[in-house]
Amino acid sequence: MRAVRPAAGIVDLLLEFVSIPSVSKDEARLADRIAGICREAGVAVERRGRNVVARRGEGGPCLLLNSHLDTVPPVEGWSADPWTPRFEGDRLIGLGSNDAKASVASMLEAFLTAPLPASATLLLAATCDEETGGEGLEKLVGELSFDAAIVGEPNGFAVAVSQKGLVKLRVAARGRAGHAARPHLSDNAITRSARDALAIEALRFDAEDPFLGRPTAAVTMIRGGVKSNVVPDRCELTVDARTIPAFDNDAMIAAIRGAVSAEVEVLSSRLKPVAGDPGSRIAHAALAAVPGKGATGFPSVSDLAHLRGRPAIVFGPGTPEQSHRADESISVEALQAAPEIYRRTIAAYFQ
């Protein structure tokens, strides 16, 4: 099947997408624009909630291209309006330019322009709520039929076949309140939490993954105390733990419960680690498109978590270091190369 006409130059396309604010839950306007581009190109497309699903070709196999429309809210420190994209040297600056609108724009361009064989289907799912969870690919995946998938995230087109899982915990120490002038008559919950924080920091994990390394657990927030002269009876730690297939979410929860004296509440454990297959057809296709690279893992979390059990990779332009920061940016050179990398991957997959 011949390619259809591209929507626009990739740089212009990303400039337009960045200029449309799409913080999680507010993706509708960007979804409308992407659906409109697909309709103008004569491609079958539909809106499902704040998601866009487009299809080219027919028959099998079917390859899904997925990336997310939503961004985090702008953090402090932006030097100019986050939604007015601008250039600085070889960098295109704007909220979402790196995470992950460069992937969205590049996938859209490749989706519209990649030649397809007579029997092949290409799906594009530009989805919402990746940053927060909810109504995006996590919900949509059960409605889609496909054989393999590429998840577009900024990882410098590393071929990531595996991904760490995520556990969020609240560790709540309870003590006995009292006057700060007589601390020996009280039981200081902050002191209890301090011991628990050190116990979590001292955890050592023997399990190791060839693509993901070892699990990690970090205390990232602490809340305790009501007044300077009151010994507190409650203190809470928030723990962020990253897991691997050989030491999964349940094992991590058990390890932290065994290390601390306080009550442990599981805030989130739905994002499980993904053990991918570097020998899968989609991994081989991506490796053929970026010669010299080997299979690796994705140390953060992405919508790959919702594709467990299906051949899939994380694979996209940009760098993780630019995500969720002030003056987020992407290299124009990397952006311009991205649609062709996706096209080569699509061609190799359908060979």
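Going by the structure above, here's the rest.
Criteria and thresholds
Residues numbered from 1 in each chain as written. Predicted model: local features only at pLDDT ≥ 70, side-chain atom pairs only at ≥ 80, totals over all residues. Heavy atoms only, no water. Phe/Tyr/Trp six-rings, centres within 6.5 Å; stacked < 30°, edge-to-face > 60°. Helix = DSSP H or I, 4+ residues; strand = E, 2+ residues; numbered from the N terminus. Buried < 20%, exposed > 50% of the residue type's maximum accessible area, 1.4 Å probe, protein only. Pairing = 2+ DSSP bridges. Axes fitted to C-alpha atoms, helices over the stretch in contact; angles between N-to-C directions. Contact = heavy atoms within 4.5 Å. Core = buried A, V, L, I, M, F, W, Y, C linked by side-chain atoms within 4.5 Å. Salt bridge = Lys/Arg side-chain N within 4 Å of Asp/Glu carboxyl O. Disulfide = S-S within 2.5 Å.

(A) Focus on the packing of aromatic side chains. Per the counting criterion, the structure on display carries 5 aromatic pairs. Considering the side-chain rings of F157 and F315, the 4.8 Å spacing of their centres and the 70 degrees angle between planes classify their relative orientation as edge-to-face. You can see F157 sitting in the loop between strand 7 (148-151) and strand 8 (159-163) and its partner F315 sitting in the loop between strand 16 (312-314) and strand 17 (329-331), a full 158 residues away along the chain. The pair formed by F157 and F315 is uniform in burial state, with each residue classed as buried. Here F157 falls in the buried class, since its relative accessible area comes to 5%.

(B) Structural context of unusual backbone geometry. A cis amide bond, omega 0 degrees, links G60 with the succeeding residue P61. Of note, P61 is situated in the loop between strand 2 (51-58) and strand 3 (62-68). With an omega of -5 degrees, the peptide bond between D99 and A100 qualifies as cis. Tracing the chain through its elements places A100 in helix 3 (residues 97-113). Phi angles above zero are rare outside glycine, and D129 is one such case at about 60 degrees. On the secondary structure map, D129 appears in the loop between strand 6 (120-127) and helix 4 (137-140). D129 sits in the buried class, given a relative accessible area of 3%.

(C) Looking closely at the sheet that holds strand 11 (residues 216-224). The 4 strands are arranged 11-13-9-14 in an open sheet whose pairing can be described as antiparallel. The open sheet has two free edges, formed respectively by strand 11 and strand 14 (263-271), since each of these has just one partner strand. Averaged over all pairs of adjacent strands, the angle between their axes in this sheet comes to 20 degrees, without regard to strand direction. Sheet topology places strand 9 (residues 165-174) next to strand 13 (residues 234-243); 10 bridges connect them, and they run antiparallel. Across the sheet, residue A173 finds its bridge partner in strand 13, namely C235. In the packing of helix 5 (residues 189-201) onto the sheet, the strands contacted are strand 9, strand 11 and strand 13, and the crossing angle to strand 13 comes to about 15 degrees.

(D) Quick look at the nonpolar core. Ranked by internal contacts, the top residues of the largest apolar core, which has 58 residues, are L63 and F315. It is helix 3 that contributes the most residues to this core, 8 residues altogether. In contact with L63, not counting residues within four places along its chain, are T121, L122, L123, A148, A149, I150, I282, I346, Y349 and F350. Core analysis: the second largest hydrophobic core is formed by 22 residues, A173, A197, L203 and A262 among them.

(E) Representation of the environment of F247 within the structure. For F247, the position within the fold is in the loop between strand 13 and helix 6 (249-259). Residue F247 is classed as buried on the basis of its relative accessible area of 18%. For the pair F247 and V290, spaced 43 residues apart in the sequence, the C-alpha separation amounts to 31 Å. With sequence-adjacent residues up to four places away left out, F247 is seen in contact with F205, A207, P215, M252 and A255.

(F) A look at the sheet that holds strand 17. One open sheet holds the 3 strands; their spatial order is 4-5-17, and the pairing between them is antiparallel. The open sheet has two edge strands, strand 4 (86-88) and strand 17, and neither has a second partner. Direction aside, neighbouring strands of the sheet carry axes that sit 30 degrees apart on average. Together, strand 4, strand 5 (91-93) and strand 17 form the strand contacts of helix 1 (residues 10-18), whose direction differs from that of strand 5 by roughly 25 degrees. Packing against the sheet, helix 3 makes contact with strand 5 and strand 17, and its axis sits at approximately 50 degrees to strand 17.

(G) Highlighting the pattern of salt bridges. Applying the stated criterion across every chain yields a total of 20 salt bridges. In this structure, E143 and R48 form a salt bridge, with 3.1 Å as the shortest nitrogen-oxygen distance. Here R48 lies in strand 1 (residues 44-48) and E143 lies in the loop between helix 4 and strand 7, a separation of 95 residues in the sequence. The exposure class assigned to E143 is partly exposed, which follows from its relative accessible area of 47%. In this structure, K139 engages E135 in a salt bridge whose closest nitrogen and oxygen atoms are separated by 2.9 Å. We classify K139 as partly exposed; its relative accessible area is 49%. Through salt bridges with shared partners, a single network forms among R170, R223, R234, E236 and E265.

(H) Main features of the state of the cysteines. Under the defined criterion, the tally for this structure stands at 0 disulfides. Cysteine C62 remains unbridged, with the sulfur of C38 as its closest cysteine sulfur at 15 Å. Overall, the relative accessible area of 6% leaves C62 in the buried class.

This is a description of form; function is not addressed.
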